[in-house]
Amino acid sequence: MTTNEQEFARARGAMPGGVNSPVRAFGSVHETPRFFVAASGPYVTDVEGREYVDLVGSWGPAILGHAHPAVVKAVQDAAAHGLGFGASTPGETELAELIAARVTRADQSPVERVRLVSTGTEATMTAIRLARGATGRDLVVKFAGHYHGHSDGLLAEAGSGVATLALPGSAGVPAPIAAQTLVIPYNDLDAVREVFAARGEDIAAIIVEAAPANMGIVPPAHGFNAAIADIAHAHGALLILDEVLTGFRVGPAGWYGIDPVPFAPDLITFGKVVGGGLPLAALGGSAALMELLAPLGPVYQAGTLSGNPLAVAAGRTTLDHLDADAYARIDAAATTIADAAASALTEAGVTHVVQRSGNLFSIQFAAEPPVDYETVKAQEAYRYPPFFRAMLAQGVSLPPSVFEAWFVSAAHDDAAVSRIVDALPAAARAAAEARPG
């Protein structure tokens with residue numbers, strides 16, 4: 001039997017850092033990454049045969065639980081007819097129709113047309129190109145700490161893996177491209193007004209995470225999304241709502257459907273859940289905007305694997321099974337785990353807050369709820385690695401970074417939740433004993 005250490009050593013000889021996505025290296029938690037070989041329901045199993053209760057969920061897509069029988073069967077059935085055709089399939093249309101039908105509020109939908117792509121990075125990159133093509137402007141406004149994929153113009157002050165590695169951006173991004181992105185503090189309407197007052201006629205769009213989950217959970221201030229939509233529209237710019245993480249996870253219509261104050265995004269990007277665990281993402285908007293994309297319009301986008309029939313089958317089946325009962329189970333399990341984490345940390349005397357956006361939540365080691373990237377970075381992040389390692393030692397797999405959300409699935413039953421709850425007190429004591437440096 002191989003070990004995780006042996007697998008990691010072998011991987012480092014074949015891939016940069018031994019991984020294909022940086023956070024998987026477990027660098028910020030000072031631990032050997034686990035190499036998984038199987039998953040079922042709320043559990044994952046590593047190469048050593050050890051089972052863990054999983055709170056990563058493939059970073060969101062496994063919302064029904066790993067290897068859900070209906071999703072697996074749908075993929076197997078699709079594979080039996082061919083892995084891909086490089087041509088259109090009825091399944092693509094069915095998924096696009098399903099996305100548009102779900103993203104509604106008070107019988108209104110901002111999604112009239114959908115373009116399927118393969119990754120969230122592709123979706124946001126295409127949305128920005130489309131916004132620039134529609135407005136004839138070059139500049140994009142983003143918020144510090146928000147992560148919209150790894151395309152050149154969007155890595156400045158990004159959260160998630162970039163926050164974990166303490167990088168302000170990325171080498172290899174030309175300065176003129178970086179200069180087309182204006183980065184401002186999150187939850188700060190005065191900053192939004194100021195940037196539009198100064199550069200409004202040059203700004204094509206604001207891009208925002210619907211409810212940020214890539215610097216830990218930092219909910220939008222009440223009415224923030226509606227306010228930035230109004231400011232953008234007043235200056236002839238668009239609002240791109242990034243729901244790659246929140247879309248179809250926090251509710252049937254994503255964050256758009258549950259934000260306390262209704263608002264009107266122009267383009268919405270989707271990923272994670274919409275592909276059911278296979279590489280698939282999407283963007284949607286009004287017919288007038290979306291039909292600026294080729295082949296109807298002048299904004300070019302293409303992808304050999306876009307709308308792959310296996311990914312489409314997984315996404316469609318996942319959405320079909322995300323009914324009211326599934327969301328109720330996810331929400332209940334998330335509440336139990338989040339409350340138990342808060343209680344354990346309080347009992348251990350650890351300064352913390354547990355922030356939530358729907359069923360997404362995360363721990364922030366701070367006295368006051370962080371509201372933006374600066375306050376997120378000011379937390380006592382050194383407490384997370386021992387907390388993480390203690391949970392892992394007890395058979396619970398958490399996101400390997402304090403800057404990530406925890407993901408609960410509909411398969412997290414009482415037994416799985418109890419294992420998590422039972423592990424929390426020891427992890428909280430480990431966090432309490434942590435020291436900086």
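Just above sits the structure.
Numbering of residues starts from 1 in each chain and follows the order in which that chain's sequence is written. Local features in a predicted model are, by the rule used here, given only for residues with pLDDT of at least 70; side-chain atom pairs are given and counted only at 80 or more, and totals for whole chains, interfaces and linings are based on all residues. Side-chain metrics in this entry use all non-hydrogen atoms of the structure; hydrogen atoms and water are not considered.

Looking at the overall build of the protein
The way it works is that DSSP assigns letters per residue, a run of H or I at least four long becomes a helix, a run of E at least two long becomes a strand, and they are numbered from the N terminus. Of the regular secondary structure elements, the protein holds 15 helices and 13 strands. Radius of gyration (C-alpha) of the protein: 21 Å, near the 22 Å computed for a compact globule of 437 residues. Over its C-alpha atoms, taken along the principal directions, the protein stretches across nearly 55 × 55 × 45 Å. Within the protein, buried positions represent 57% of all 437 residues. Every residue pair with non-hydrogen atoms within 4.5 Å of one another is taken to be in contact. Sequence separation of at least 24 residues holds for 74% of the intrachain contacts in the protein that already meet a minimum separation of 6. Per-residue and other accessible areas were derived by the Shrake-Rupley procedure at a 1.4 Å probe size, with only the shown protein chains allowed to occlude residues. For the protein, the computed accessible surface area is about 17,600 Å², with 55% contributed by carbon and sulfur atoms. Distance from the positive charge centre (27 side chains) to the negative charge centre (44 side chains) of the protein: 4 Å. Values of the radius of gyration come from C-alpha atoms, whereas the globule rule sets the reference at 2.2 Å times the count of residues to the power 0.38. When accessible area is computed with a 1.4 Å probe and restricted to protein chains, residues below 20% of their type maximum are described as buried, those above 50% as exposed, and intermediate ones as partly exposed. A positive count includes Lys and Arg, and a negative count includes Asp and Glu. His and the chain ends are not counted in either. Here the site of a charge means atom NZ of a Lys, CZ of an Arg, CG of an Asp or CD of a Glu.

Some words on the packing of aromatic side chains
Planes of paired rings set the category: under 30 degrees apart is stacked, over 60 is edge-to-face and the rest tilted, where pairs are Phe, Tyr or Trp rings (Trp by its six-membered ring) whose centres lie within 6.5 Å. In total, this model carries 14 aromatic pairs according to the counting rule given. Aromatic side chains Tyr-186 and Phe-224 sit 5.1 Å apart centroid to centroid with 75 degrees between the ring planes, which places their arrangement in the edge-to-face category. Here the residue Tyr-186 occupies a position in the loop between strand E6 (181-184) and helix H7 (189-199), and Phe-224 occupies one in helix H8 (residues 224-234), the gap between them amounting to 38 residues. Here the two residues Tyr-186 and Phe-224 agree in accessibility, since each one is buried. Taken together, the aromatic side chains of Phe-26, Phe-361, Phe-365, Tyr-384, Phe-387, Phe-388 and Trp-406 make up a single cluster linked through ring pairs. Over a ring means this: the NZ of a Lys or the CZ of an Arg is within 6 Å of the ring centre and within 35 degrees of the ring normal. Stacked on the ring of Phe-8, the Lys or Arg Arg-12 has its end atom at 4.3 Å from the ring centre.

A word on the side chain of Ser-397
Here Ser-397 is to be found in strand E13 (residues 396-397). Those residues in contact with Ser-397 that lie beyond four places of it in its chain are Phe-36, Tyr-52, Val-53, Asp-54, Leu-55, Val-56 and Leu-392.

A closer look at the pattern of salt bridges
Salt bridges, as used here, are contacts in which a Lys or Arg side-chain nitrogen is within 4 Å of a carboxyl oxygen on Asp or Glu. Within the structure shown, the criterion is met by 10 salt bridges. Here Lys-73 and Asp-77 are joined by a salt bridge, their closest N and O atoms 2.8 Å apart. You can see Lys-73 and its partner Asp-77 sitting in helix H2 (residues 69-80), four residues apart, about one turn around the helix.

Side note on the nonpolar core
Only buried residues count toward a nonpolar core, which is a set of Ala, Val, Leu, Ile, Met, Phe, Trp, Tyr and Cys residues joined through side-chain atoms within 4.5 Å. With 115 residues, the main nonpolar core has Ile-99 and Phe-387 as its most contacted residues. A total of 11 residues in this core trace back to one element, the largest contributor, which is helix H12 (residues 324-347). Other than its neighbours up to four places away in sequence, Ile-99 contacts Val-114, Leu-116, Phe-248, Phe-270, Val-274, Ala-282 and Leu-319. Ala-123, Ile-128, Ala-205 and Ala-281 belong to the second largest nonpolar core, which has 19 residues in total.

Quick word on the packing of helix H14 (residues 384-393) against helix H15 (residues 414-433)
Fitted lines through C-alpha atoms serve as axes, helices being fitted only where they are in contact, and the angles separating the N-to-C directions of these axes extend from 0 to 180 degrees. The interhelical angle for the contact between H14 and H15, taken along N-to-C directions, is 145 degrees, at an axis separation of 8 Å. Considering how the two elements wind past one another, H14 and H15 form a crossing that is right-handed. Residue-level inspection shows Pro-386, Phe-387, Ala-390 and Met-391 of H14 in contact with H15, the latter providing Ile-420, Ala-423, Leu-424, Ala-426, Ala-427, Ala-428, Ala-430 and Ala-431. Of the residues contributing to the contact of H14 with H15, the split by class is 12 nonpolar, no polar and no charged. By convention the crossing between two helices is left-handed if the near helix lies anticlockwise of the far one by an angle smaller than a right angle, and right-handed if it lies clockwise. In this classification, the charged set is Asp, Glu, Lys and Arg, the nonpolar set is Ala, Val, Leu, Ile, Met, Phe, Trp, Tyr, Cys and Pro, and all remaining amino acids, among them Gly, are polar.

Quick look at the pairing of strand E8 (residues 238-243)
When you tally the buried positions in E8, you get six out of six residues, the bulk of the element. The alternating pattern of E8 places Leu-238, Ile-240 and Asp-242 and Leu-239, Leu-241 and Glu-243 on opposite faces, both of which are buried. Sheet topology note: the strand E7 (residues 203-209)/E8 ladder contains five bridges and is parallel. The residue bridging Ala-205 from the neighbouring strand is Leu-238, located in E8. Strand pairing is assigned whenever DSSP detects at least two bridges linking the two strands. In this sheet, strand E9 (residues 267-270) lies alongside E8 in parallel orientation, the contact comprising four bridges. Paired with Ile-240 across the bridge in E9 is Leu-267.

Focus: helix H4 (residues 120-135)
The span one expects for a helix is its residue count, reduced by one, times 1.5 Å. Helix length check: H4 (16 residues) gives 23 Å between terminal C-alpha atoms against 22 Å at 1.5 Å per residue, within 8%. Among all positions of H4, only Thr-121, Glu-122, Ala-123, Thr-124, Thr-126, Ala-127, Ile-128, Leu-130 and Ala-131 are buried.

Quick notes on the sheet that holds strand E3 (residues 51-54)
The sheet built from four strands is open, its strands ordered E1-E2-E3-E13 with mixed pairing. What marks the edges here is a single partner per strand, and that holds for strand E1 (36-40) and E13. Of the strand pairs in this sheet, E3 and E13 are connected by two bridges, and their pairing is parallel. Along E13, the bridge assignment pairs Asp-54 with Ser-397. Where H15 meets the sheet, its contacts fall on strand E2 (43-46), E3 and E13, and the angle it forms with E3 comes to roughly 95 degrees.

Considerations on H7
Every buried residue belonging to H7 is among Ala-191, Val-192, Val-195 and Phe-196, and all of these are buried. Looking straight down H7, one finds its buried side chains confined to an arc of 130 degrees; they lie on one side. Among the exposed residues of H7, those pointing more than 90 degrees away from its buried face are Glu-194, Ala-197 and Ala-198. Summarising the contacts, the buried residues of H7 are in contact with strand E5 (139-143), E6, E7 and H8. Any pair of N or O atoms that falls within 3.5 Å is considered a polar contact. Within protein, one atom must be able to donate a hydrogen and the other to accept it, and sequence-neighbouring residues count only if both atoms are side-chain atoms. Capping the start of H7 is the job of one residue whose side-chain oxygen sits 3.1 Å from the backbone nitrogen of Asp-190: Asp-188. Of all possible arcs, the one meant is that of the directions from the helix axis to the C-beta atoms.

So, the side chain of His-66
Its location among the elements puts His-66 in the loop between E3 and H2. Owing to a relative accessible area of 15%, His-66 belongs among the buried residues under this scheme. For His-66, the side chain forms a polar contact with the side chain of Asp-54, separated by 2.7 Å. Discounting residues that sit within four places of it in the chain, His-66 has contacts with Ala-39, Ser-40, Gly-41, Tyr-43, Val-44, Asp-54, Gly-57 and Ser-58.

By themselves, these are just geometric observations and shouldn't be taken as functional.
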